[in-house]
Amino acid sequence: MQASSDLSLLSLIGNASIPVQIVMLILLAASVLSWTYIFSKRAALRRADEQTRRFEDDFWAGGDLTVLQQAIASRRNEHGALARIFDAGMTEFVKARRSSGRGDSLLDAPRRAMKAALQREMDGLESHLNFLASTGSVSPYIGLLGTVWGIMHAFMGLSTMQQATLAAVAPGIAEALIATAIGLFAAIPAVLAYNRYTNQIDRLSIRFESFVEEFLNILQRQVH
């Protein structure tokens, strides 16, 4: 370890020990994948919110529900999660009426169908959130592991030197601390995105559940 070692970032990474470089590579891959999910989830939630608002406007406009269902059934993927929940419930309600069901029993099948559809939609909206949560919680520890290993490596290198100086130990410690910095760089955006997206998904879930109850009330009035 030379006192005149280059302290530039790229040089420190290139001169780090193999285990520390592996840790940095893992953290860099986690960060890239995390940012990919952050941007894709942001676009997906924005689209889901717009589609939900558009469907609510169409639904509460007071038109024929059968016509609305037919329009949704022909292009299900373009109308959003709430429209698909409505379609599932309306389809089961029509089937139940055709089978000569009576009274509140007509609502059992639509209720089950909408709950199942709601769960599927929530699973889709929550996809990749676990990865963001794991990245946010684990990355600092992985970075710390690289830092501890790097510092150990630096001090073992000092044992072969006759005189230990700050200039001699600085490059090794700097190499080690880069691992922690990369870990924090991967973790902080993942935690912020996870908290934000979880909150947005919770609000959408409340809207979906409220719609299910209101739609069931409308169907109940039609039965009676």
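Values in this document were obtained by computation on a predicted structure and should not be read as measured data.

Quick notes on the rules
- Residues numbered from 1 in each chain as written.
- Predicted model: local features only at pLDDT ≥ 70, side-chain atom pairs only at ≥ 80, totals over all residues.
- Heavy atoms only, no water.
- Helix = DSSP H or I, 4+ residues; strand = E, 2+ residues; numbered from the N terminus.
- Buried < 20%, exposed > 50% of the residue type's maximum accessible area, 1.4 Å probe, protein only.
- Contact = heavy atoms within 4.5 Å.
- Areas by Shrake-Rupley, 256 points an atom, 1.4 Å probe, with all protein chains shown as cover.
- Expected span 1.5 Å × (residues − 1).
- pLDDT = per-residue confidence, 0-100.
- Axes fitted to C-alpha atoms, helices over the stretch in contact; angles between N-to-C directions.
- Parallel < 35°, antiparallel > 145°, perpendicular 65-115°, else oblique.
- Left-handed = near helix turned anticlockwise from the far one by under 90°.
- Nonpolar A, V, L, I, M, F, W, Y, C, P; charged D, E, K, R; others polar.
- Core = buried A, V, L, I, M, F, W, Y, C linked by side-chain atoms within 4.5 Å.

1. Digging into the overall build of the protein
Counting its secondary structure elements, the protein contains 8 helices and 0 strands. Its helices and strands in sequence order give the protein the pattern α-α-α-α-α-α-α-α, from N to C terminus. Here the protein, with 224 residues, has 38% of them falling under the buried criterion. Taking as baseline every contact in the protein between residues at least 6 positions apart, the subset at least 24 positions apart corresponds to 81%. For the protein, the accessible area works out to roughly 12900 Å², and carbon and sulfur atoms hold 58% of it.

2. Notes on helix α5 (residues 81-98)
Look at α5: 26 Å from first C-alpha to last across 18 residues, which is about the 26 Å you get at 1.5 Å a residue. Within the sequence span of α5, burial applies to Ala81, Leu82, Ala83, Arg84, Ile85, Phe86, Asp87, Ala88, Gly89, Met90, Phe93 and Ala96.

3. Focus: the confidence of the model for the protein
Across the protein, the average pLDDT comes to 85, with 83% of residues at 70 or higher. Ranking the elements of the protein by mean pLDDT puts helix α1 (residues 9-15) last with 67 and helix α6 (residues 108-125) first with 94. Residue range residues 1-5 is modelled with pLDDT below 50. Its contacts to residues more than four positions away, or to other chains, number 9 contacts.

4. Topic: the packing of helix α3 (residues 65-74) against α5
In the contact formed by α3 and α5, the axes pass within 10 Å of each other and the chain directions differ by 120°. Accordingly, the angle class assigned to the pair α3 and α5 is oblique. As α3 packs across α5, the resulting crossing turns out to be left-handed. Along its contact with α3, which presents Leu65, Thr66, Leu68, Gln69, Ile72 and Ala73, the element α5 presents Ala83, Phe86, Asp87, Met90 and Thr91. Here the residues of the contact of α3 with α5 are counted per class, giving 7 nonpolar, 3 polar and 1 charged.

5. Let's talk about the side chain of glutamate 121
Here glutamate 121 lies in helix α6. Not counting residues up to four positions away in its chain, the partners in contact with glutamate 121 are Ala81, Arg84 and Ile85.

6. Concerning the packing of helix α2 (residues 18-59) against α3
Close contact between α2 and α3 brings their axes to 11 Å; oriented N to C, the two are set at 150°. By the angle between their directions, the pair α2 and α3 is classed as roughly antiparallel. Here Phe55, Asp58 and Phe59 of α2 lie close against α3, whose contacting residues are Leu65, Leu68 and Ile72. Considered class by class, the residues forming the contact of α2 with α3 number 5 nonpolar, no polar and 1 charged.

7. Thoughts on unusual backbone geometry
The backbone phi angle of histidine 128 is positive, close to 75°, even though this residue is not glycine. Mapped onto the elements, histidine 128 comes out in the loop between α6 and α7 (129-158).

8. What about the nonpolar core?
Among the nonpolar cores identified, the biggest contains 40 residues, and Phe55, Phe59, Phe86, Phe208 and Phe215 are the most heavily contacted of them. Among the secondary structure elements, those contributing two or more residues to this core are α2, α3, α5, α6, α7 and α8 (166-223). Looking at this core, the element that brings in the most residues is α8, giving 12 residues. Setting aside residues no more than four positions away along its own chain, phenylalanine 86 makes contact with Phe55, Phe59, Leu65, Leu68, Gln69, Ile72, Phe211 and Phe215. With 8 residues, the next largest nonpolar core counts Ala16, Val20, Leu27 and Ile178 among its residues.

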